[in-house]
Amino acid sequence: MDHIAEAPATQKTGSTADAITYLKNKFPGVVSDDTRAGFQGVLVEPNKLVEVATVIRDELGYDYLSSATAVDYLGAGDHLEMVYHAYRMSGGGALNFKAQTDREKPVIPTLTGVWRGADFQEREAFDLYGIQFDGHPNLKRILLWEGFNGYPMRKDWKEAYHEAETKPFDSRWPNGWVHRAEEKNVYGKNVRYPADFDLAKLTDTSEESLYSAGAMGVDIQNASTDEFRTDRLIVNMGPHHPSTHGVFRMIITLEGETIDTLEPVMGYLHRNHEKIGERNTFLMNMPFTDRLDYISSMGNNLGYALAVEQLLALGARYNPPTYRAEVIRVLMTELTRIVNHLWSIGFLLNDIGAFFTPMLYANTEREKILDFFEATAGSRLMCNYMRFGGVFKDVPERIKSVANLVNDRVRDYDTMLFLTEMINERLPRFLAEYDRYLTDNEILRERCVGVGVLTAADAVQLSTCGPLLRGSGVKYDVRRADPYSIYPELDFDIPVGTNGDIFDRYMVRMQEMHESLRILRQILPRLEQTKGEPIMGGTQQYSPRIPVGESYGRVENPKGELGYYVVSHGDAKGNQNPWRYHVRAPSFINLTALGPMSRGYKVADVVAILGSIDIVLGETDR
């Protein structure tokens, strides 16, 4: 019990093992080691979860809740489990803690009072697994519609056109007797309704409290101020508004033109990505990750590869990636960061009125990078390039294209000369020019300075990440805080803002592109030095058996922390399909902050505020 008496300041800098010891001593019988093979962290009794989480935050310094996800252990304990990964803003690894609950009546207290960033993540676990979070301020479905019957991430859920629990399906392999799933459809329709369901009598009450009065979905009240008579309006923006960056909706309560409340509504593109991922083999998920943030597929691949490699390292025959593979991985992901930020800034300018010109101007340089991706990976967007233990293919000697039409210009460049010129000349010249045109532009400053402010404390509390978090002045970047690949040996700075407004987020992205170029200039000589070396540790396995256990792999993707929580469970000799495949999507969690950071601003500002978060709906909805 001596540990309890130690000063909190000491506990806040200790190792994860020290933190676990502290918790077990402070909460005997409540906190216990997770002794399952390949698992880490601790199990917490649900009735004390809030108390333990508060100590984790306040006494142990884990002030950032990165990920909260559910797992269904049907047939292996028959319980549901919430898994949390908390980090310190000062850096270091995760404190992984879990709470288990009965499958039939699943109840766990909410952690939104400890970390507000748990809000959307708990709603997702309620939506897909049916876990009730006692005390949650707004517990309702978030990706599915309110009338949806069942919880589609549970292990006993059978989706329409269900064929088998795991792939490869017998109809495809080994005999190739393929049939259309619809021909043997167990439901007869591409949807399943409850037995007593009558669509004609359906009344959706999920947003009733927001539309309590008024006609045609508009609530109008008179409200007077000393200066103006204003109307209180509730309006929907989206889901097909051009400035919502996809099929996305915002329910906005306005006092005149001033935003009082804003609630994001998403899920229009939800396809149960994670359930499909659990039917896939581990390797099948690699191209599947391309579809999340389709602007940043290289980074998506790397995060998933890191998660699975952590599990592979638990086995006896694991070969880590070679040094050349790591060099190429960093090359690809930093070029991806530039691709993403060029696109993001271009669309932000769109949102504030500079219709398409800045974006198309930036596209010229973006296309050069995509030329290189195409030559190396065979694809410009859906690259499917990383592999467990390395990469799919080495960088080609030459970047070549073929003529499809009579007047097509054929590319044929020496790859290293192409990269050298792009990294040392083209991109720096372009960024200087872009900066000169935009940064001091009167309209950009007028629309962005002092608008959409998110304080540093709120940014951490709401679990935001990436440029949104750093724009608020929080110097947190996974590449430095919890390093992976060869980032520890590379020199680069972490740009941060000072005011937490839209302009700071814009500046962070501009500066991050310069820092990516700084990294890439260090990568070029490493590419030359490792030329001819293997790109894969050991022999590539096309259907590897993954040792049992859990892992959380994360990378600093352009939009923020992208994490994958993966569980291999079942066969003690290893499994070909993940038991759990969860994506901690930065676009999804960053939207938790959209309401708070829009309050008090004008309705015209919300377009720019949303644009400054930089979301993509493939990743948000999954």
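What counts and how
One numbering rule holds for all chains: residues counted from 1, following each sequence as written. Thresholds applied to this predicted model are a pLDDT of at least 70 for local features of residues and 80 or more for the giving and counting of side-chain atom pairs; totals over whole chains, interfaces and linings are not thresholded and use all residues. Hydrogens and water are ignored here; the side-chain numbers use all heavy atoms of the structure. Strands here mean DSSP runs of E at least two residues long; helices mean DSSP runs of H or I at least four residues long; both are numbered from the N terminus. Each radius of gyration reported is based on C-alpha atoms, and the globular scaling rule is 2.2 Å times the count of residues to the power 0.38. Any residue under 20% of the maximum accessible area for its type is buried, any over 50% is exposed, and the rest in between are partly exposed; the area is computed with a 1.4 Å probe on protein chains only. Note on contacts: a residue pair is in contact if any heavy atoms of the two residues lie within 4.5 Å. Throughout, the Shrake-Rupley method with a 1.4 Å probe supplies accessible areas, and for residues the shown protein chains are the sole cover considered. Under this rule, positive means Lys or Arg and negative means Asp or Glu; His and the chain ends count for nothing. Note on charges: their place is set at NZ of Lys, CZ of Arg, CG of Asp or CD of Glu. Two rings from Phe, Tyr or Trp (for Trp, the six-membered ring) form a pair when their centres sit within 6.5 Å of each other. Planes less than 30 degrees apart are called stacked, planes more than 60 degrees apart edge-to-face, and all others tilted. In this analysis the charged atom, NZ for Lys or CZ for Arg, is taken to sit over a ring once it is within 6 Å of the ring centre and within 35 degrees of the ring normal. For two strands to count as paired, DSSP must find a minimum of two bridges between them. Each axis is a line fitted through C-alpha atoms, taken for helices only over the stretch in contact, and angles between the N-to-C directions span 0 to 180 degrees. Per-residue confidence from the predictor is reported as pLDDT, a score between 0 and 100. Orientation is classified from the angle alone, with under 35 degrees giving roughly parallel, over 145 giving roughly antiparallel, 65 to 115 giving roughly perpendicular, and any other angle giving oblique. For any helix crossing, the convention is left-handed if the near helix is rotated counterclockwise from the far helix by under a right angle, and right-handed if that rotation is clockwise. By nonpolar core we mean a set of buried residues, namely Ala, Val, Leu, Ile, Met, Phe, Trp, Tyr and Cys, connected to one another through side-chain atoms within 4.5 Å.

**Let's talk about the overall build of the chain**
When its secondary structure is counted, the chain shows 20 helices and 18 strands. On C-alpha atoms alone, the chain measures out to a radius of gyration of 25 Å, which is about the 25 Å that the 2.2 N^0.38 rule sets for 622 residues. Burial statistics for the chain: of 622 residues in total, 55% are counted as buried. Put simply, of all contacts in the chain between residues at least 6 apart along the chain, 68% involve residues at least 24 apart. With the model as given, the accessible surface of the chain reaches about 25900 Å², and the carbon-plus-sulfur share is 52%. Here the chain holds 68 positive side-chain charges and 85 negative ones, and the gap between their average locations is 4 Å.

**Some thoughts on the environment of A53**
Mapping A53 onto the fold places it in helix 4 (residues 49-58). Along the primary structure A53 and Y84 are separated by 31 residues, whereas in three dimensions their C-alpha atoms are 9.8 Å apart. Those residues in contact with A53 that sit more than four places away from it in its chain are L111, V114 and W115.

**Here's the deal with the packing of aromatic side chains**
The way to describe two aromatic rings as a pair is by their centre distance and the angle between their planes. One pass over the structure, following the stated rule, counts 20 aromatic pairs. Relative to F588, the ring of F120 lies with its centre 5.9 Å away and its plane at 50 degrees, an arrangement referred to as tilted. One end of the pair, F120, is in helix 5 (residues 118-129); the other, F588, is in helix 17 (residues 586-590), and 468 residues separate them in sequence. A centroid spacing of 5.8 Å and a plane angle of 85 degrees characterise the contact between Y304 and Y581, whose relative ring orientation is edge-to-face. A residue pair is termed long-range when its members are at least 10 positions apart, and Y304 in helix 8 (residues 297-312) and Y581 in strand 18 (residues 580-584) qualify at 277 residues. An aromatic cluster is built from Y304, F388, Y564 and Y581, whose rings are joined through pairwise contacts. Sitting over the face of the ring of F120, R123 holds its NZ or CZ atom 5.8 Å from the ring centroid. Positioned over the ring face of F492 is R480, at 3.8 Å from the centre of the ring.

**Overview of the pairing of strand 3 (residues 64-72)**
Buried residues dominate strand 3, accounting for nine of its nine residues. As paired strands, strand 3 and strand 4 (residues 79-87) are joined by eight bridges and run antiparallel to one another. Bridge pairing in strand 4 places Y64 opposite Y87. In sequence, strand 3 turns back onto strand 4 through a hairpin of six residues, with G75 there showing a positive phi of about 85 degrees.

**Let's talk about unusual backbone geometry**
Backbone geometry follows two general trends: most residues other than glycine have a negative phi, and most peptide bonds adopt the trans configuration. Residue P168 is reached from K167 by a cis peptide bond, and omega for that bond is 0 degrees. Note that P168 resides in the loop between strand 7 (132-134) and strand 8 (221-224). Of note in this structure, S485 is not a glycine but carries a positive phi near 50 degrees. Among the secondary structure elements, S485 is positioned in the loop between helix 15 (478-481) and helix 16 (502-529). Residue S485 is classed as partly exposed on the basis of its relative accessible area, which comes to 23%.

**Thoughts on the sheet that holds strand 18**
If you trace the three strands from one edge of the open sheet to the other, you get 16-17-18, paired in antiparallel fashion. Each having just a single partner strand, strand 16 (549-557) and strand 18 make up the two edges of the open sheet. Pairwise comparison of adjacent strand axes, ignoring direction, gives a mean angle of 10 degrees for this sheet. Note: strand 17 (residues 560-568) against strand 18, five bridges, orientation antiparallel. Across the sheet, V566 pairs through a bridge with Y581, a residue of strand 18.

**Concerning the confidence of the model for the chain**
Averaged over the chain, the pLDDT score is 89; the fraction of residues at 70 or greater is 93%. This stretch, residues 213-220, has a pLDDT under 50; its non-local contacts, to residues over four places away or in other chains, come to 13 contacts.

**Observations concerning the pairing of strand 16**
The buried fraction of strand 16 amounts to nine of the nine residues, a majority that puts the element mostly inside the structure. Side chains of strand 16 alternate between two faces, with G549, S551, G553, V555 and N557 and E550, Y552, R554 and E556 buried alike. Bridge analysis of strand 16 against strand 17 gives nine bridges, and the strand direction is antiparallel. Residue pairing in the sheet places N557 in a bridge with G560 of strand 17. Hairpin connection from strand 16 to strand 17: two residues lie between these consecutive antiparallel strands.

**Here we look at the sheet that holds strand 1 (residues 31-33)**
Working definition: the strands of a sheet are paired by backbone hydrogen bonds and lie parallel or antiparallel to each other. Pairing within the open sheet is mixed, and its five strands lie in the order 1-2-5-4-3. Each end of this open sheet is capped by a strand with a single partner; those strands are strand 1 and strand 3. Between one strand axis and the next, the sheet turns through 25 degrees on average, direction left out of account. In this structure, strand 1 lies alongside strand 2 (residues 42-44), joined through three bridges in antiparallel fashion. Residue pairing for strand 2: S32 is matched across the bridge by L43. Against the sheet, helix 3 (residues 16-26) contacts strand 1, strand 2 and strand 5 (95-102), and its axis sits at roughly 135 degrees relative to strand 1. Contacting strand 1, strand 2, strand 4 and strand 5, helix 4 crosses the sheet at an angle of about 175 degrees to strand 5.

**Digging into the packing of helix 11 (residues 415-438) against helix 16**
Closest axis-to-axis distance for the helix 11/helix 16 pair is 10 Å, and the angle between their directions is 165 degrees. Classified by the interaxial angle, the pair formed by helix 11 and helix 16 is roughly antiparallel. Pair helix 11 / helix 16 crosses with left-handed handedness. Side by side, helix 11 and helix 16 meet where M416, L419, T420, I423, N424, L427, P428, L431, Y434, D435 and L438 of the first sit next to Y506, M510, M513, H514, L517, L520, R521, L524, L527 and E528 of the second.

**Observations concerning the nonpolar core**
Counting residues in hydrophobic clusters, the biggest one holds 167 residues, and the most contacted among them are Y84, F97, F372 and L419. If sequence neighbours within four positions are ignored, F97 has contacts with V42, V44, L49, I56, M82, V83, Y84, A86, L111 and W115.

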